[in-house]
Amino acid sequence: MYAPGVNSSTTLSSSSSYNNDRPPSAEAVEVATDPASGGFFNSDYKKHDDLKQMLDSNKDNLKLEAMKRIIGMVAKGREASDLFPAVVKNVVSKNIEVKKLVYVYLVRYAEEQQDLALLSISTFQRALKDPNQLIRASALRVLSSIRVTMIVPIVMLAIKDAAADMSPYVRKTAAHAIPKLYSLDQDQKEELIQVLEKLLYDKTTLVVGSAVMAFEEVCPERIDLIHKNFRKLCSLLVDVDEWGQVVIINMLTRYARSQFTDPNLQDVDEDEESKRPFYEDENEVDEEQQEKRAPTLDPDHRLLLRSAKPLLQSRNAAVVLSVAQLYHHTAPRSEVHQVAKAMIRLLRSHREVQDIVLTSIAATATRRKVMFEPFLKSFFVRSSDATHIKLLKLEILTSLATESSVGIILRELQTYVAAHDPPFVAAAIQAIGRCASNIKEVTDTCLNGLVSLLSNKDQAVVAESVVVIKKLLQTQPSAHREIIIQMAKLVDSVTVPQARASILWLLGEYSERVPKIAPDVLRKMAKTFTSEEDIVKLQVMTLAVKLCLTNPKQTKLLCQYVLQLAKYDQNYDLRDRARFLRHIIFPADAESGGPTRLSKQAKKIFLAPKPAPVPESHFKDREQFQLGSLSHYINTKANGYQELPPFPLEAPDPKARDVETEPQVMEQAPLFTAKKVSSKKDSKFYSDTESPDESEEDENSSDEDDDDDEEEEDSSSDKDEEEDDNEDEESSGLEEKLPKKVVKSNAKPKSDEEEEEDESDEDDSSSESVSDSDSEDESSEPSSVPKKQTRNAKPAKESTPVVKPKSNLDLLLDLDDVSPAFTPIMTPSLGGFLTPMSTPSSQVKTQLFPDIQPASAVISPNTTSELLNKINSSGLEIKYRFTRSPHLYSPSMASAELTFHNHGPDELTDIRVGEKPTSGGVSIHDFAPIPSLSPGSSLMGTIGVDFADSTQPVNFEIKIGSDRTYPVALKVPVGEVIRAVTMSEELFLKQQGGLRGMNENTAKLSLTKPCSDLKSLTNKILTVANLGVIPNSDSSTLRFAAQTLSSKSTVLVSLLSSDNQNLTITVNCEKMVIGSMLITQLKACLAD
Amino acid sequence: MIHSLFIINPSGDVFMEKHWKSVISRSVCDYFFDHQRKASSPEDIPPVIATPHHYLISVYRSSMFFVAVCTTEVAPLFVVEFLHRVVDTFEDYFSECTESIIKEHYVVVYELLDEMLDNGFPLATESNILKELIKPPNILRTIANTVTGKSNVSSTLPSGQLSNIPWRRTGVKYTNNEAYFDMIEEVDAIIDKSGSTVCAEIQGYIDCCIKLSGMPDLSLSFVNPRLFDDVSFHPCVRFKRWESERVLSFIPPDGNFRLMSYHIGSQSIVAIPVYVRHSLCLRESGSGGRLDITLGPKQTLGRTIENVVLEIPMPKSVLNCGLVTNQGKYTFDPVSKLLVWEVGRIDVTKLPNIRGTVTNCHFSALYF
């Protein structure tokens, strides 16, 4: 088709682009039309030659051009592997886009060109050590994507390194690399599992989703790895990215099925439930049931259900459905219906989503009718739906039909019969049939309706009705003579074979009711036998045989004739059938002469009463598969499908989930029941709730939403008393606990509930992580906190004055109960940041650990730095010095002393802070504006800066007068973002024990001149960093402690010297960046 | 998870393919084509097709098929949702997603696909992050890149990827800080022959265009939040604030996004703003049928109704329509059998009406 001319023009244009840059869009169009894969071998070869030349050139834009065209070929699925050597050279290119495209190419073809691919490995190995985390991550990504078995050990090593990387992004990439390596070499499994175990322990939301994904791909059977992470996964769930959520929930469903007992064991059985009227007293019943049931549910099981529930409001349909399946498979029966509403919402999404959700609903509806009954109308078919959606909706409608709703459904079905979509009409008629046979009350009505359809103009409608009526008559063989007669008449007009066959079968079966008509029909059919479809022919034979048995006088000859015709039919099934029938009916043909034993029984064989077909849903047998899984959708076991285990009869030891170093602030059953009531109250009067309380996500809230207002009013008044009681209880308990608990003093909470817990080995280091999260949250935007607080407190004041004084404490308490200690990172959506609940805790933060006392700095460094140069600013010089004293405005701010000096000739007026940074949690508290500064004079000011635990310079503006603005950057040494604290030696060691692994940095150092006493180094160290000295007994060790300003993460420094020359410095800090920077700085200061 | 992706145009050409694991031959699409042939319309192709060794999960958007190939068990909705996200991202990048646009920007498309999935598992799907990794093309940048030799690929890691608010890019700066909110409500109703409502429900969306500097924290409160009993949120919304105070509190992504969508179910009473009175008879005497439709306002609460468009999918037998309108104009597409009447504004004093004859092929066939 393409003339060689076209090819030459391609070459031309490529060479023109060789000489000169053309706009890429034009190039793209050209590539789109170029016949690279055309049959002209020669020019094809030439063209690649040209590309090679471009790749070999030393101009980046030529290389880029060439790479773009090559990627275009790859994208279109054309062969480009012969360019491999030319491309792979460019892996070292400096141009990042060229590099990226080379990576893409490399991943695609490395498998085919293994030897050449090895050339590129060293580049990646180098990049793995790059200081930029993006480069490290992308190197690992590409390296692990190269499917060459020879590099397995290299990748293994890289994964191990990356799994311990400081950057969570790199660790995430490591998690992604694990399944890649596993698919490349299954022998690495054990080693990979070890890495995976480490990654599963990660607390960063970024990492856990990918880690669980890797877990599912590599070792889904190692459920024991999950135990220790279960609670953490539950609490992080809301903040993991959407895709991770799906994977985690699916995995946890399996986990729950293997670790918890069946919540429905002592429950009312399904039938009873479906009989229970849905609307009537639902609340009471629920409450009762829950009250009854709550103690039987494992607290961890409850935790899982509760943490998953908010995700029903995700925008991602996959997340919603996975929560739905979690509830379907593991929740107590009374709670499952909460997911229905969210599933219905998904029906407004894309067609494909609808299809999959409807399939899930159809399967669920066969077992849990009650759940979807209130949403019946959502399944009404719209004319704009695709056919398969319509069919699924019909399926659901018929499954949901009950005596009360069948009227509406039948009316709808009637309308559907008039639609223009043949398969849909057929299904609608079948649905009528199913309703008729399932619900006895409407059988007659349906039958009449179907019979009236027999006179429909549309052939297909008539045919389908015949088939359905046939089935229905079978279930009710009572006198329906007229219908049979009417159908017999249809034989003349109906042409659809299925329908003809059905009529014939009916006539044969009930021939004694229409003794005159049946033989006549047989006569007609015998006439047209040869032109009928096979299925009809078979039924003609059946009819003939049956009549021959009941009415041999009239039909014996006809029967013989039909069998004779069938004997010479083209279809072997028919011939077989004919021979078989003949030997039973007319044994005289055989040699024996007399009637055989079979023929004597012929009547019993052919006219035996036949059981009526039971119309069933196609979705009935899908229960064996996990809802929403691929296997469930296609109803066969897909590759790699993990069976849902049945609930164990005896739950495995729940202690397996206890995490030693973490505090177990956990819910207990009694606490639950109490909270349930209060949560009820909350969701009712959300206007005056005192706190965003996670318990609202409790099972009741959605019921409540369904109720109308009146009902609520009523019930609320009932509940007031209850509430009050509860309040009293809670508050009395509170008052005692307050001082300790609010501050999370962590000296083992003495409340009853918690004492009951079997795991009480909370230690200080771990509870500190709780506080970390709080303060981190709060620090991100401290300025808006007070406002929110007041807003919250106000309504509470108006409505429930009794509770008011404690409102904040309530908050805290709930927080304690609800989000256990595993939310150490950030929980923006669950409340994180500046949600009011985290506010109060910050005020009391300093008392957080009775054993950890803030200490005043021993040394205040004298080093000053320049903030604003006098030359830049026409005379104003500003210097700053960190004073190491807490700033008055907020304890998380470092205060810096500013010295203003006017070197200029003019008086400077109105010196103040201009624009301030707003991002990343960094905030500044201004120095008091200086109204005027006369030439040659100096003034002091104090500025408070919250660095949000980073050492990034803070940029802001200094304004002078009305028109002069100077951008400045306040740099902070790492030693100043921490604050000295003291603690006992044991506490220090304990804390240190909790901050091992990635949180620990160690360095070795030998001093230039040996020092006799380690203590002499103290001053040196204290100048560099704001650390508190920990008294210790051992003279060969020095210990220091501090907390980061914003998040109050503990920083522990210890110096160990074996002799007087060699030192080992260890820094333990949860903030790995701070830790590593601090150690570098300490090393530098001790070295000189 | 997702092994490969094939993008197929309406005429059945695979015009782009991308493999995240080893290469799967495009012949696997033959199974898809088989189903395509069987289906009467592209809408009717099942979203999941099981073949002996692979599972094909497809979505149909902008008259293209996006067919993902999986080899092992995976939640089908996961893949479907991801494919839709891919298309959304393309639309976000190129303002529309058509075959020619994808072909024009194949390098960007390819890079996007590469960033979005790693080894078949989603890596970065937030548009704010992707836009920092790969700059969306625009004319100005295309020219600038050609001149300066710069590229569309950013060399720095988007810090959003690392922060606790992955949906927002950092360092956003605007001279005019502005935020726009669109409220879109769709009423879906089934109305029976006699004109009474069988069921009606509302699907509403709040779409935002936020152009604010820094890290803004917004709250949005409603006069009557009780109406929203069934909502879904963008990940940026704090669930807990909503649960407790019915206030939407969020740190928005930069640019356009859908903040929330809500559904007011069939249990509530929904006011339908217009009514349609129709008399349609397809098989009347002679050459065809008769059609007469009048529109009128209903429950409008005193507001005028504008931009009314009426679409009527006609049965396949209809050949053509000869209609007269007293307002607006109509078009009939004989291929898709869709009658579209653009009414415009409804004037209460003179109700819009369309009437005329419909040519029906049953009868014209008889005359041959």
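Conventions used here
- Residues numbered from 1 in each chain as written.
- Chains lettered and ligands numbered in written order.
- Predicted model: local features only at pLDDT ≥ 70, side-chain atom pairs only at ≥ 80, totals over all residues.
- Heavy atoms only, no water.
- pLDDT = per-residue confidence, 0-100.
- Helix = DSSP H or I, 4+ residues; strand = E, 2+ residues; numbered from the N terminus.
- Contact = heavy atoms within 4.5 Å.
- Core = buried A, V, L, I, M, F, W, Y, C linked by side-chain atoms within 4.5 Å.
- Buried < 20%, exposed > 50% of the residue type's maximum accessible area, 1.4 Å probe, protein only.
- Expected span 1.5 Å × (residues − 1).
- Arc of directions from axis to C-beta.
- Patch = residues over 30% accessible without salt bridge, like charges linked within 9 Å, V, L, I, M, F, W, Y side chains within 5 Å.
- Areas by Shrake-Rupley, 256 points an atom, 1.4 Å probe, with all protein chains shown as cover.
- Salt bridge = Lys/Arg side-chain N within 4 Å of Asp/Glu carboxyl O.
- Phe/Tyr/Trp six-rings, centres within 6.5 Å; stacked < 30°, edge-to-face > 60°.

S.K.: Any chance you could explain the confidence of the model for chain A here in plain terms?
M.R.: All names here are of chain A. Overall, the predicted model of chain A reaches an average pLDDT of 73, with 73% of residues at or above 70. Taken element by element, chain A is modelled with least confidence in helix 39 (residues 669–684), mean pLDDT 36, and with most confidence in helix 20 (residues 317–330), mean pLDDT 92. Under a pLDDT of 50 for its full length, residues 1–44 has, in the predicted model, 47 contacts with residues more than four places off or in other chains.

S.K.: Just checking my understanding: could you explain the nonpolar core for this structure?
M.R.: Considering soluble globular proteins, one finds that nonpolar side chains tend to be buried as a cluster. The biggest cluster of nonpolar side chains holds 300 residues, and the ones touching the most others in it are Tyr105 and Phe379 of chain A together with Phe66, Phe78 and Leu259 of chain B. Among the elements that make up this core, the one with the highest residue count is helix 2 (residues 76–94) of chain B (11 residues). Setting aside anything within four residues of it in sequence, one finds Tyr105 of chain A in contact with Met67, Ile70, Ile71, Val74, Ala80, Ser81, Leu83, Phe84 and Val87 of chain A. Core analysis: the second largest hydrophobic core is formed by 59 residues, Leu933, Val974, Ala1042 and Leu1086 of chain A among them.

S.K.: How should helix 26 (residues 406–417) of chain A be read in this particular structure?
M.R.: Residues spaced three or four apart along an α-helix face the same direction, because each turn holds 3.6 residues. For helix 26 of chain A, spanning 12 residues, the distance from its first C-alpha to its last is 16 Å, which sits close to the expected 16 Å at 1.5 Å a residue. Among all positions of helix 26 of chain A, only Val406, Ile409, Leu410, Glu412, Leu413, Tyr416 and Val417 of chain A are buried. Down the axis of helix 26 of chain A, the buried side of the element spans an arc of 160 degrees, and every buried residue falls inside it. What points out from helix 26 of chain A, more than 90 degrees from its buried face, is the exposed set Arg411 and Gln414 of chain A. On its buried face, helix 26 of chain A is in contact with helix 25 (387–400), helix 27 (422–438), helix 28 (443–453) and helix 29 (459–475) of chain A together with strand 9 (197–211) of chain B.

S.K.: What is the right way to read the environment of Leu565 of chain A from this model?
M.R.: All names here are of chain A. Following the sequence through the fold, Leu565 ends up in helix 34 (residues 552–567). In this structure the C-alpha to C-alpha distance between Leu565 and Phe529, which are 36 residues apart in sequence, comes to 7.9 Å. Leaving out residues up to four positions away in the same chain, Leu565 has contacts with Ala526, Phe529 and Thr530.

S.K.: Is there a simple way to think about a nonpolar patch on the surface in this case?
M.R.: A cluster of nonpolar side chains, Met166, Val1073 and Met1077 of chain A, forms an exposed patch at the surface whose accessible area comes to about 240 Å². Its location among the elements puts Val1073 of chain A in helix 49 (residues 1072–1087).

S.K.: Looking at this model, I keep getting lost on the packing of aromatic side chains. Mind explaining?
M.R.: Each aromatic ring pair is specified by the distance between its two centres and by the angle formed by the two planes. The final tally for this structure, using the stated rule, is 25 aromatic pairs over all chains. With 5.9 Å between their ring centres and 70 degrees between their planes, Phe230 of chain A and Phe260 of chain A make a pair best called edge-to-face. Of the two residues, Phe230 of chain A sits in helix 15 (residues 230–236) while Phe260 of chain A sits in the loop between helix 16 (242–259) and helix 17 (270–275), which places them 30 residues apart along the sequence. No difference in accessibility class separates Phe230 of chain A from Phe260 of chain A, as the two residues are buried. Where Phe233 of chain B meets Phe239 of chain B, the ring centres are 6.1 Å apart and the plane angle is 55 degrees; that geometry is what we call tilted. By the burial criterion, Phe233 of chain B is buried, and Phe239 of chain B matches it.

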